[in-house]
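# Residue-level structure breakdown
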Amino acid sequence: MSPATVGIIGIGVMVLLFFSRMPIGFVMLLVGFLGFSYLRSVEKAIGMLGMAVYGSLSVYDLAVIPLFLLMGQFAFYGGLSRGFYLTMYKWLGRLPGGLAIATIGGCAGFAAVCGSSVATAVTMGSVALPEMQKYKYDSKLAVGSIAAGGTLGILIPPSIALAVYGIITSTPIGPLLLSGFLPGLLLAVMFMLLIYIMARRNPTMGPPGPPASLREKITSLKGGWGILSLFILVIGGIYLGVFTPTEGAAFGAFAALLISLVKMSLSWQDFVDSVLSTGKTSAMIFAILIGASVFGYFIAVTRIPSLLADIIAGLGVHRLVILSLILFMYAILGCLMEAFSMIILTMPIIFPIIQKLGFDPIWFGVLMVIMMEMGMITPPMGLNVFVMQGVARDVPLYTIFRGTAPFVVAMVVCIIILIIFPSIALFLPGIMTR
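On a predicted model such as this, the values are computed, not experimentally measured, just so you know.

On the secondary structure map, Q389 appears in helix α20 (residues 383–391). The spacing of Q389 and V143 is 246 residues in sequence and 8.6 Å in space, taken between C-alpha atoms.

Given below as structure tokens:
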């Protein structure tokens, strides 16, 4: 058999094993090792395995993953998210759909120190959902806004998804992290406008919250100082070149711990839980990265990426047509696969095509993260939707999916805007790298 045929068979076997619920990292490692052994030799495959493991774990930039996760855990257990939500609640709650709008603002704020979609959804769900239920918000709007707002956690820096993308594609992590800020802000504003329009058209969906005096609004600002300080110190420091992304992540984790201790909101058990949760999540991500590295070696030997790139480049159609087909493929995959696995699994094949077409890898990384966000709220594999069902146990699953549908449309519009105006994603990285 030709190497390309072996590669296609390997991909098919991997998909079958994936649907058997085997861990995705182990599946990629197994298929990659066996395929490489067949095409080269077992001895060379063993050597490749050692190189892949060492190469995946010895990357200095990889330290940003556990450090940013730890920062998010300290912020979560330290109650920083609740304070920021209450600030948004006082300033925006009086608008039609104001509590849901404040929820989006709270999600964006917590995303700025978290980097995790699930953690953002869980945190804001426990804080915002009782308030919206108290004021008789429509269930679809309440749970849909939290599930969709939670996805901002993997786009607004510090973004674990962008960091993983950067490691897989060898794209500089500092500019990548900055590239998610303006698109994340744009998407958050689009979510807010969507909620406002829905609540204006049907006031029963999102009744205005109680009015707050100017004094109450100003007083509430002290609740958001922790998150704002962390974001400015970490992302501002990276942007100004004061420290590298890894150093910024370490500083952010320490600062989040310090702020939580000053607020006296972090117990010893909370500290232990933060470290353990960070360790478990990091181990899962590292296992996937090792598997992706082994699978990447196998795919490189089959020459499938270069063959596909040559075929696509020779089609004679506009590159935006090919990009649209790739994004449509990711929209379908997002309905069937877990978002992180989808990107890690396909990047060895898709990224060479993107390079061949001349697209900016930083800009494409932002598009990929938005596609991951979309996958997190679309059936049947929408992870944030299942998380929300765990928070709102009395809300049926189909109601949550119906609630997220308008936000999926907003994400599609956001992607179209970024394709038309790529400078939205590239502006801050461009200034940083000058």
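This part is about helix α18 (residues 339–357). Approximately 65° is the largest bend angle found in α18, and it occurs at M347, with the proline P348 only one to four residues beyond. Of all 19 residues in α18, 16 are buried; the element is thus mostly enclosed. G358 occupies a position one or two residues after α18 and carries a positive phi of about 85°.

Our focus in this paragraph is the environment of G10. Note on placement: G10 falls in helix α1 (residues 3–19). Note: C-alpha distance between G10 and M28 (18 residues apart in sequence) is 9.6 Å. Ignoring any residue separated from it by four or fewer positions in sequence, one finds G10 in contact with V31 and F298.

To continue, consider the pattern of salt bridges. For the coordinates displayed, the defined rule picks out one salt bridge. Residues D138 and K140 are paired through a salt bridge, measuring 3.4 Å at the closest nitrogen-oxygen approach.

What follows covers helix α13 (residues 225–240). The end-to-end C-alpha distance of α13, which contains 16 residues, comes to 21 Å, matching closely the 22 Å that a straight helix rising 1.5 Å per residue would cover. Within the span of α13, buried status applies to G226, I227, L230, F231, V234, I235, G237 and I238. Down the axis of α13, the buried side of the element spans an arc of 160°, and every buried residue falls inside it. Exposed side chains of α13 directed beyond 90 degrees from the buried face belong to I232 and L240. One or two steps after α13, the chain reaches G241, where phi turns positive at roughly 80°.

What follows covers the packing of aromatic side chains. As enumerated under the stated definition, the model contains eight aromatic pairs in all. Between W268 and F271, the ring centres sit 5.4 Å apart and the planes meet at 20°, which makes this aromatic pair stacked. Here F271 and W268 lie together in helix α15 (residues 268–302), a separation of three residues that amounts to about one turn. Residue class for W268 comes out exposed when judged on its relative accessible area of 66%. A residue is classified by how much of its surface remains accessible, and F271, at 25% relative accessible area, is partly exposed. Every member of this aromatic cluster is reached through a ring pair, and the members are F74, W268 and F271.

Once that is clear, we can look at the confidence of the model for the protein chain. Looking at the protein chain, pLDDT values average 84 and 97% of them are 70 or higher. Within the protein chain, helix α11 (residues 181–201) carries the highest mean pLDDT (94), whereas helix α16 (residues 304–313) carries the lowest (72).

Their axes nearest at 8 Å, the elements helix α4 (residues 64–77) and helix α6 (residues 98–114) cross at an angle of 135°. Compared by their axis directions, α4 and α6 come out oblique. Mapping the contact onto sequence places F68, M71, G72, A75 and F76 in α4 and F110, V113 and C114 in α6.

Turning our eyes to something else, we now look at unusual backbone geometry. Of note, the bond from P157 into P158 is cis; its omega dihedral lies within 30 degrees of zero at 5°. Here P158 shows up in the loop between α8 (139–150) and α9 (160–169). We note that K136 has phi near 60°; this positive angle belongs to a residue other than glycine. Looking at the element boundaries, K136 is found in the loop between α7 (117–134) and α8. In this model, S170 sits at a positive phi of 60°, which is unusual for a non-glycine residue. Relative to the helices and strands, S170 is located in the loop between α9 and α10 (173–179).

Across soluble globular proteins, nonpolar side chains show a tendency to be buried alongside one another. One finds M28, I65, L152, F191, Y330, M347 and F364 to be the most contacted residues of the largest nonpolar core, which totals 145 residues. Among the elements that make up this core, the one with the highest residue count is α18 (13 residues). Setting aside residues no more than four positions away along its own chain, M28 makes contact with M14, I288, G291, A292, V294, F295, I344 and L345.

Further remarks concern a nonpolar patch on the surface. Together, L308, I311, L315, V317, V321 and L325 give the surface a local cluster of nonpolar side chains, amounting to about 540 Å² of exposed area. Only α16 and α17 (319–336) provide two or more residues apiece to the nonpolar patch. Turning to its location among the elements, V317 is positioned in the loop between α16 and α17. V317 gets classed as partly exposed once you look at its relative accessible area, which sits at 44%.

Here we take up the side chain of S145. Tracing the chain through its elements places S145 in helix α8. Exposure remark for S145: the relative accessible area of 0% places this residue in the buried category. Side-chain polar atoms of S145 contact the backbone oxygen of L141, separated by 2.9 Å. A polar contact of 2.9 Å, which involves the side chain of S145, links it to the backbone oxygen of A142.

Reading the values: rules and limits
Residues numbered from 1 in each chain as written. Predicted model: local features only at pLDDT ≥ 70, side-chain atom pairs only at ≥ 80, totals over all residues. Heavy atoms only, no water. Helix = DSSP H or I, 4+ residues; strand = E, 2+ residues; numbered from the N terminus. Bend = angle between axes of the 7 residues up to and from the residue. Buried < 20%, exposed > 50% of the residue type's maximum accessible area, 1.4 Å probe, protein only. Contact = heavy atoms within 4.5 Å. Salt bridge = Lys/Arg side-chain N within 4 Å of Asp/Glu carboxyl O. Expected span 1.5 Å × (residues − 1). Arc of directions from axis to C-beta. Phe/Tyr/Trp six-rings, centres within 6.5 Å; stacked < 30°, edge-to-face > 60°. pLDDT = per-residue confidence, 0-100. Axes fitted to C-alpha atoms, helices over the stretch in contact; angles between N-to-C directions. Parallel < 35°, antiparallel > 145°, perpendicular 65-115°, else oblique. Core = buried A, V, L, I, M, F, W, Y, C linked by side-chain atoms within 4.5 Å. Patch = residues over 30% accessible without salt bridge, like charges linked within 9 Å, V, L, I, M, F, W, Y side chains within 5 Å. Areas by Shrake-Rupley, 256 points an atom, 1.4 Å probe, with all protein chains shown as cover. Polar contact = N/O pair within 3.5 Å; in protein donor to acceptor, adjacent residues only side chain to side chain.

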